[in-house]
Amino acid sequence: MLGNWKLREVVVMSVLAVVFGVIYLLFLQLGNVLVGMFGLIGYDLIFGIWFIVSIIAAYIIRKPGAAVMSETIAAAIEVMLGNAVGPRLILAGIIQGLGAEAAFAATRWKNYSLWVLVAAGMGSSVTSFVWGYFLGGFSALSPGYVTAMFIVRLASGAILAGLLGKYISDSLARTGALNSFPIGKEVRKAKQNHEISA
Amino acid sequence: MKFQRNELLLQVSDLLFRFDEDQEPVLKNISFEIHENEAILVLGSSGSGKSTLAYCLNNLYPSSVDGIQSGNILFQGRDVSSFQPGELNQRIGLVMQDPDAQFCMLTVEEELAFVLENMQTPRSEMEARIHSALEYVDMIAFKHRMIHSLSGGQKQKLAIACALAMEPEVLILDEPTANLDPASGLELVRTLKELRREHSFSILIIEHNLDYWLEMVERCLILNSEGELIFDGPTRVCFTEHARLLAQEGIWLPRAVEAGLKLLEADLLNTSSLPLTIEEIIQSSCRLTDTIKFLKQDRISEKTDSPVMIYELNKISYTKNHQALLKEISLSVKAGEFLAIAGSNGSGKTTLSRCLAGLLPLSAGEIKFYGDELEQWREEEKWARLGYVFQNPEHQFVADSVLDEINYSLEASIHGTQAFEINDILKTLRMTDQLHNHPFSLSQGQKRRLSVAVMLINGQKVLIMDEPTFGQDALTAKEIMEFTVNSVPESGSIIMITHDMDLIDRYADKVMVLGEGRMLFCDSPSKLWDAPEILAESRLKLPFLREMEKMAQLCSEGLYAVK
Amino acid sequence: MLLNEMNPSIKALSIVVGILMLSFFFDPVTPLLSFLLTIAITFIFGKVSFKKWIFLFLPFLFMAVVYVWSALLFPRVDPGDHILWEWQFITVTEEGLERSISLGLRVLSFASLSLLFALTTNPIHFLLSLMQQCRLSPKIAYSIMAGYQFLPLMKEEMEIIRGAHRVRGAGRSHTLSDKIKQIKKYAIPLLASGIRKAERTAIAMESKGFTGEPNREFYKVIPVTKKDWLLSCMLIGVVILSVYVSFKLGHLSLYRGEL
Ligand SMILES: Nc1ncnc2c1ncn2[C@@H]1O[C@H](COP(=O)(O)OP(=O)(O)OP(=O)(O)O)[C@@H](O)[C@H]1O
Ligand SMILES: Nc1ncnc2c1ncn2[C@@H]1O[C@H](COP(=O)(O)OP(=O)(O)OP(=O)(O)O)[C@@H](O)[C@H]1O
Ligand SMILES: [Mg+2]
Ligand SMILES: [Mg+2]
């Protein structure tokens, strides 16, 4: 899978995964607060944030596997930092990542427009929900409630992963930190065109 | 004297390198050769492309920055890009310039093990080789330390140990002594010499502190500010015949050559050829006392005895992770005073300076700033008076381009924009071409310059600077010091950490020496130079002029014979 | 026979298998038993600080309570359930109560197994073991390590960026919108400098001759011994035993994921 990856890309992906692994842990606390307020559906409100690294890594690196691997590594980092969910979190990470990867695969890893990113966020929502249903025993809940959870999670995936992920990556590209990646070149070209037309 | 040339190792022809299609090339038409067992010094002003050249030789550039390169680089007759990945890097070892950016593991031991693993060293040998690599740089006590908790100089030593552990055929050192204390610098040179006697490898040194290396290198390469190779020849020829050219380019000269140039101009030498060492100056001086008096005249020491106390430290201590990093330091700084802080690597200088700036909380004792406790100061008011220059220049930056960085300072500046014109600042920094570049993509020296400049244009009265001149070429170092001294008013003060004894000798009113977190000495520099036991304990050395004075005295007493 | 010295990959595998096995059943007894047994094993065979365990366990307890509560508020009502208690729109049935308690205990049993792993495993050894036993590519493993060593740096980096802004004369934020702007002002540079450092670290790794070559000579070897398999049998045995006892008591029922 890593055949045509440069070491630079792998390390950048890992660092992104590490940063977001930490952020994921922090959001777990926020999730607990929300759950306290709204019940189980509280998690679904912010569930999208837990897919964001897939979208950012894929959008920046633009190679097959970026979405799955980054999400998996982020989960592994959470485990290494002592997230008590333990090794099964890695499995969850793979499954979430696969959802996002599916969206990118459908465009053969060529299209990274906003809609594809949003679809990738929703893809993660779907796979993660199926997994949660199986492992979490959602069948004990009323079907209406489960459906509501699913819809909220889809929206959260679209907004917090897809939109926010794009926004963060674009802000990063504007700092010039991504100049040696395709996204950086895109931003620079856009800037130049802007200067020429101005 | 060797006359026969050893076998050819590296051959560079017509090398041209640029980072981006629409930028000027950083290196132009570079051609030279490196033979087996040669020691070469690469000189050039800051930003001339020395580090870039080092990366190219090792084939890390252009691939890892997407740069554009033309021309050939052959290693043992083979193009460097045709080697198996990893093979070339093991045969051409590189110690990078920025000690903060070259590690990938958590602890010192793991980092060295990583290097050995990459080389497929048999496991049974690893332990011993880790030990000996650490021994070379005197870091055995740090084997199990977390890398991020090492001081700047300690990191640099570790980077050198990693390169030595690879036993490369060519070793490239990019300013290896920039953050080292004087004794460590000398020890490094001695270690390398010994290693070369045992293993014989070629070595390419990029360096501003020339004095360390003179006895080791035979050949010099000079890059000009355009990135062209303008000289390739024996060291002696380089410094005796081209000294003026080097000075013009802003490149450091060996201290003796620099002194010699001045003496020649003042007609105080009885030869027309430049001296390379102190001995040669003494030998060719007409009247030694006059010579020394002449050289001493540009020392700056106008002491105003002001009653205003800027800092009063009362037995301050700082402890981190159960380790006492600072122990009961008491000190006072008066208005108008220039305080230098010196000491060996890891003695706690940076830690102390951060405490002074209120960036670290004290564990005990108190600091008074303008009579009031430092912690009681309102942030805005404190920073309107106090400037701080970090040891790592990157820590200073808050914006995305050089221009934004300067603008940010101008906006925050207490004098407002009138005092400085942005173009003047850029010209002084010699960075007009880098206007839109990200501060992180500058050369190490450019970063340092920018980080000092953004602090200076803020216009604070009190400046704390952590090694502001390391990695600078001669011209910039001089400009930084002048700019600093001029922009801080009489009523203010400068507190500067440095490993450069000549700077202390020239500028400081008071010097404080730290050793393992304790204050070993605090008085005028001239008293320090008369205290050899403290110099030895704190791994410092005499400044050039004092050394010359001492030697001259020994000569006149007939205790020392000049050959 | 300490869990702390157990081979991390085998430990992880055993725990994942255990959790997957548990997730096939849905009754109160199975998870309760395996929860208690796992705690016993954690403290008998592992060197684990009780304080830390409790500290990490509390959020799960909270989560379990939330699960029970959600399942009680929004229960699945099957025809023929026995109503225990009714108030306004809340209906608690006997089956519903059992289901929600099963759900809560299920969370706790998963948590106990996971905590066992988290508190007895050295992260670096885990990575080394993944490379040595599971053929994880060193290219990824060492990149993760490089990322992992950024963590302490990032904490410092955060302080430094804060320091830099203070030193450079940026005012403090007071209002909420200021604070949000401030988060962006710190977060983006922090990420950007992280990426730049990552690129440089990659160069540093290459300059040290790293290629990602799968066959490596390791300085630290993480062995697999008989003990590891014994411990693994014990961990999975806990689950099997709980299932068996539950079956004998007549409680065991399969998890039917139907909506
Ligand atoms: N987080 C930490 N934990 C333990 N020790 C630390 C930590 N940070 C720094 N140290 C140690 O504190 C000592 C002082 O460090 P400091 O950076 O102040 O040294 P320094 O005098 O500035 O050295 P240099 O000249 O190399 O920059 C060093 O020995 C360093 O290893
Ligand atoms: N990644 C990069 N992207 C764009 N420009 C760069 C990059 N790295 C270096 N430069 C520019 O290339 C020029 C040469 O840089 P280099 O680091 O080689 O200088 P140097 O001779 O080593 O200087 P110093 O003595 O200050 O370390 C500088 O003008 C610098 O701004
Ligand atoms: Mg350089
Ligand atoms: Mg320091």
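Values in this document were obtained by computation on a predicted structure and should not be read as measured data.

Conventions adopted
- Residues numbered from 1 in each chain as written.
- Chains lettered and ligands numbered in written order.
- Predicted model: local features only at pLDDT ≥ 70, side-chain atom pairs only at ≥ 80, totals over all residues.
- Heavy atoms only, no water.
- Helix = DSSP H or I, 4+ residues; strand = E, 2+ residues; numbered from the N terminus.
- Rg over C-alpha atoms; globule rule 2.2 N^0.38 Å.
- Donors = N, O, S within 2.8 Å, 3.2 Å for Na, K, Ca; no water.
- Buried < 20%, exposed > 50% of the residue type's maximum accessible area, 1.4 Å probe, protein only.
- Near = heavy atom within 4 Å.
- Polar contact = N/O pair within 3.5 Å; in protein donor to acceptor, adjacent residues only side chain to side chain.
- Nonpolar A, V, L, I, M, F, W, Y, C, P; charged D, E, K, R; others polar.
- Domains from an automatic or database assignment.
- Expected span 1.5 Å × (residues − 1).
- Contact = heavy atoms within 4.5 Å.
- UniProt positions renumbered as here; feature names shortened; annotations may be inferred.
- pLDDT = per-residue confidence, 0-100.
- Pairing = 2+ DSSP bridges.
- Axes fitted to C-alpha atoms, helices over the stretch in contact; angles between N-to-C directions.
- Areas by Shrake-Rupley, 256 points an atom, 1.4 Å probe, with all protein chains shown as cover.
- Buried area = accessible area lost by both parts, 1.4 Å probe.
- Salt bridge = Lys/Arg side-chain N within 4 Å of Asp/Glu carboxyl O.
- Right-handed = clockwise from strand over helix to strand, strands pointing away.
- Parallel < 35°, antiparallel > 145°, perpendicular 65-115°, else oblique.

K.L.:
Explanation requested: the overall build of chain C in the structure shown.
P.N.:
The number of helices and strands found in chain C is 9 helices and 2 strands. Its helices and strands taken in sequence order, chain C reads α-α-α-β-β-α-α-α-α-α-α from the N to the C terminus. Relative to its length of 259 residues, chain C is extended, with a C-alpha radius of gyration of 24 Å against a globular reference of 18 Å. Across its three principal directions, the C-alpha atoms of chain C cover 70 × 60 × 35 Å.

K.L.:
What exactly am I supposed to notice about the coordination of the magnesium ion (ligand 3) here?
P.N.:
Around a metal, the ideal angle is 109.5 degrees if four donors adopt a tetrahedral arrangement and 90 or 180 degrees if six donors adopt an octahedral arrangement. Residue and element names in this part refer to chain B. Distances from the magnesium ion (ligand 3) to its protein donors, Ser51 (OG) and Gln97 (OE1), fall at 1.9 to 2.1 Å. Placement of Ser51 in helix H1 (residues 50-57) and of Gln97 in the loop between strand E6 (92-95) and helix H3 (108-118) is noted, with a sequence separation of 46 residues between them. The residues Ser51 and Gln97 share a single accessibility class, namely buried.

K.L.:
Looking at this structure, I do not really get the coordination of the magnesium ion (ligand 4). What am I missing?
P.N.:
All names here are of chain B. All of the protein donors around the magnesium ion (ligand 4) are Thr350 (OG1) and Gln391 (OE1); their distances to the metal are 1.9 to 2.1 Å. Placement of Thr350 in helix H12 (residues 349-356) and of Gln391 in the loop between strand E16 (386-389) and helix H14 (402-412) is noted, with a sequence separation of 41 residues between them. On the accessibility criterion, Gln391 (14% relative accessible area) is buried.

K.L.:
Looking at this structure, how should I read the site of ligand 1?
P.N.:
All names here are of chain B. Taken together, 22 residues lie around ligand 1, and Arg145, Ser151, Gly153, Thr350 and Thr351 are the ones closest in. A distance of 3.3 Å is found between a nitrogen atom of ligand 1 and a side-chain nitrogen or oxygen belonging to Asn321. Elements with a contribution of two residues or more to the shell around ligand 1: helix H5 (152-165), strand E12 (323-334) and H12. Grouping the constituent residues of the shell around ligand 1 by class yields 2 nonpolar, 16 polar and 4 charged. Formed jointly, the shell around ligand 1 draws a minimum of three residues from each of two domains, domain 1 (8-245) and domain 2 (338-348 + 378-530).

K.L.:
What is the right way to read helix H17 (residues 474-487) of chain B from this model?
P.N.:
For the α-helix, the turn length of 3.6 residues means that residues three or four positions removed from each other point alike. Residue and element names in this part refer to chain B. The end-to-end C-alpha distance of H17 is 20 Å, a good match for the 20 Å that 14 residues give at a rise of 1.5 Å each. Every buried residue belonging to H17 is among Ala474, Thr476, Ala477, Ile480, Met481 and Thr484, and all of these are buried. Those residues of H17 that are buried lie in contact with strand E13 (338-343), helix H16 (444-456), strand E17 (462-466), strand E18 (493-497) and helix H18 (501-507).

K.L.:
What is the right way to read the UniProt feature "transmembrane region" (unreviewed entry) in chain A from this model?
P.N.:
Within the UniProt annotation, "transmembrane region" (unreviewed entry) is assigned to residues 7-27, 33-61, 114-134 and 146-164 of chain A. Across residues 114-134 of chain A one finds 100% helix and 0% strand; the C-alpha atoms that close the span lie 31 Å apart.

K.L.:
It is not clear to me how the confidence of the model for chain A should be interpreted in this structure. Could you clarify?
P.N.:
Close inspection of predicted coordinates is inappropriate for parts of the model with low pLDDT. Chain-level statistics for chain A give a pLDDT mean of 88 and a share of 95% at 70 or above. Across chain A, the secondary-structure element scoring lowest on mean pLDDT is helix H8 (residues 182-197) of chain A, at 77, and the one scoring highest is helix H3 (residues 52-61) of chain A, at 95.

K.L.:
What's the story with the sheet that holds strand E4 (residues 68-75) of chain B in this structure? I'm lost.
P.N.:
Residue and element names in this part refer to chain B. Spatial ordering of the open sheet is given by E2-E1-E4-E5, a layout of 4 strands whose pairing is antiparallel. Every other strand in the sheet has two partners, leaving strand E2 (27-35) and strand E5 (78-79) as the edge strands with one partner each. Sheet analysis places strand E1 (residues 8-18) next to E2, joined by 6 bridges and oriented antiparallel. By the bridge assignment for E2, Val12 is matched with Phe32. The strands that H1 touches are E1, E2 and E4; relative to E2, the one it contacts most, it runs at about 60°.

K.L.:
When you look at the UniProt feature "transmembrane region" (unreviewed entry) in chain C in this model, what are you seeing that I'm missing?
P.N.:
All names here are of chain C. As annotated in UniProt, the feature "transmembrane region" (unreviewed entry) corresponds to residues 12-41, 53-74, 107-130 and 229-247 in the numbering used here. Across residues 12-41 one finds 80% helix and 0% strand; the C-alpha atoms that close the span lie 15 Å apart. The span residues 107-130 carries 92% helix and 0% strand; its end-to-end C-alpha distance comes to 27 Å.

K.L.:
Could you clarify how one ought to interpret the site of ligand 2 in this entry?
P.N.:
Residues and elements named next belong to chain B. Around ligand 2, the structure places 20 residues, and the nearest of them are Ser46, Ser51, Thr52, Ser443 and Gly445. Between ligand 2 and Ser51, the relevant distance is 2.6 Å, taken from an oxygen atom to a side-chain nitrogen or oxygen of the residue. Within the side chain of Thr52, a nitrogen or oxygen atom sits 2.5 Å from an oxygen atom of ligand 2. Considered on its own, ligand 2 offers 640 Å² of accessible surface; in the complex 87% of this is hidden by protein. Every element with two or more residues in the shell around ligand 2 is listed here: H1 and H16. Its residues assigned to classes, the shell around ligand 2 comprises 3 nonpolar, 15 polar and 2 charged. Formed jointly, the shell around ligand 2 draws a minimum of three residues from each of two domains, domain 1 (8-245) and domain 2 (338-348 + 378-530).

K.L.:
Got a minute to help me understand the environment of Leu442 of chain B in this structure?
P.N.:
Residues and elements named next belong to chain B. In this fold, Leu442 is placed in the loop between helix H15 (422-429) and H16. On a C-alpha basis, the gap between Leu442 and Val402 in space is 9.1 Å, while along the polypeptide they are 40 residues apart. If we skip the residues at most four places from it in the chain, Leu442 touches Val402, Met431, Gln434, Lys447 and Leu450.

K.L.:
Whenever I open this one, the interface of chain A and chain C confuses me. Can you help?
P.N.:
Quite often, the size of an interface is put as the accessible area lost when its parts meet. The interface of chain A with chain C comprises 60 residues on the first partner and 62 residues on the second. Across the chain A/chain C interface, buried area totals approximately 5,200 Å², and carbon plus sulfur atoms make up 77% of it. Where chain A touches chain C, the interface holds 1 salt bridge. When the shortest N-O distance is used, the salt bridge between Glu199 of chain C and Arg8 of chain A registers 3.6 Å. Connecting chain A to chain C are 4 residue pairs in polar contact (both at pLDDT 80 or more). Put simply, the parts of the chain that give the side of chain A that touches chain C at least two residues each are helix H1 (7-38), helix H4 (66-80), helix H5 (88-106), helix H6 (114-136) and helix H7 (143-174) of chain A. Here the element with the most residues in the side of chain A that touches chain C is H1 of chain A; it accounts for 15 residues. Looking at the side of chain A that touches chain C residue by residue, the class counts come to 42 nonpolar, 15 polar and 3 charged.

K.L.:
Help me understand the pairing of strand E8 (residues 202-206) of chain B in this model?
P.N.:
Working note: regular strand, side chains alternate between the two faces of the sheet. Residue and element names in this part refer to chain B. The buried count for E8 comes to 5 of 5 residues, which makes it a mostly enclosed element. With burial as the criterion, each face of E8 is covered, one bearing Ser202, Leu204 and Ile206 and the other bearing Ile203 and Ile205. Bridge analysis of strand E3 (residues 39-44) against E8 gives 4 bridges, and the strand direction is parallel. Residue Leu41 lies in a different strand from E8, and its bridge partner there is Ile205. Pairing analysis gives 5 bridges linking strand E7 (residues 170-174) to E8, with the strands arranged parallel. Paired with Asp174 across the two strands is Ile206, which belongs to E8. A crossover links E7 with its parallel partner E8, the connecting element being helix H6 (residues 182-199), and its sense is right-handed.

K.L.:
So what exactly am I meant to see when it comes to the interface of chain A and chain B here?
P.N.:
Contact residues are listed per partner, giving 7 residues for chain A and 7 residues for chain B. When chain A packs against chain B, the two sides together hide about 500 Å² of surface, and 31% of this comes from carbon and sulfur. It is Arg8, Thr175 and Arg188 of chain A that lose the most area in chain A upon contact with chain B, and together they represent 58% of the buried surface on that side. The interface formed by chain A and chain B holds 0 salt bridges in total. The interface formed by chain A and chain B contains 0 residue pairs in polar contact (both at pLDDT 80 or more). Take the side of chain A that touches chain B: its biggest share by element is 3 residues, from H8 of chain A. In the side of chain A that touches chain B, the residues fall into no nonpolar, 3 polar and 4 charged.

K.L.:
Please clarify how the packing of helix H9 (residues 255-265) of chain B against helix H11 (residues 288-296) of chain B should be interpreted in this entry.
P.N.:
To describe two helices that pack against each other, one gives the angle between their axes and the distance between the axes. Residue and element names in this part refer to chain B. Contact geometry for H9 and H11: axes closest at 11 Å, N-to-C directions at 105°. Taken together, the axes of H9 and H11 lie roughly perpendicular to each other. Listed contacts from H11 to Ala259, Lys262 and Leu263 of H9 are Thr291, Phe294 and Leu295. Classifying every residue of the contact of H9 with H11 gives 4 nonpolar, 1 polar and 1 charged.

K.L.:
Please clarify how the pattern of salt bridges should be interpreted in this entry.
P.N.:
When charged atoms on two side chains of opposite charge get close, those side chains can pair. All names here are of chain B. All chains considered together, the criterion is met by 30 salt bridges over all chains. Between Arg91 and Glu169 there is a salt bridge, with its nearest N and O atoms 2.8 Å apart. Of this pair, Arg91 sits in helix H2 (residues 87-91) while Glu169 is found in the loop between H5 and E7, placing the two residues 78 residues apart along the sequence. We classify Glu169 as partly exposed; its relative accessible area is 29%. Across the pair Lys143 and Glu127 runs a salt bridge, and its minimum N-O distance is 2.9 Å. Of this pair, Lys143 sits in the loop between helix H4 (123-136) and H5 while Glu127 sits in helix H4, and the two are 16 residues apart along the sequence. The class of Lys143 is buried, set by a relative accessible area of 14%.

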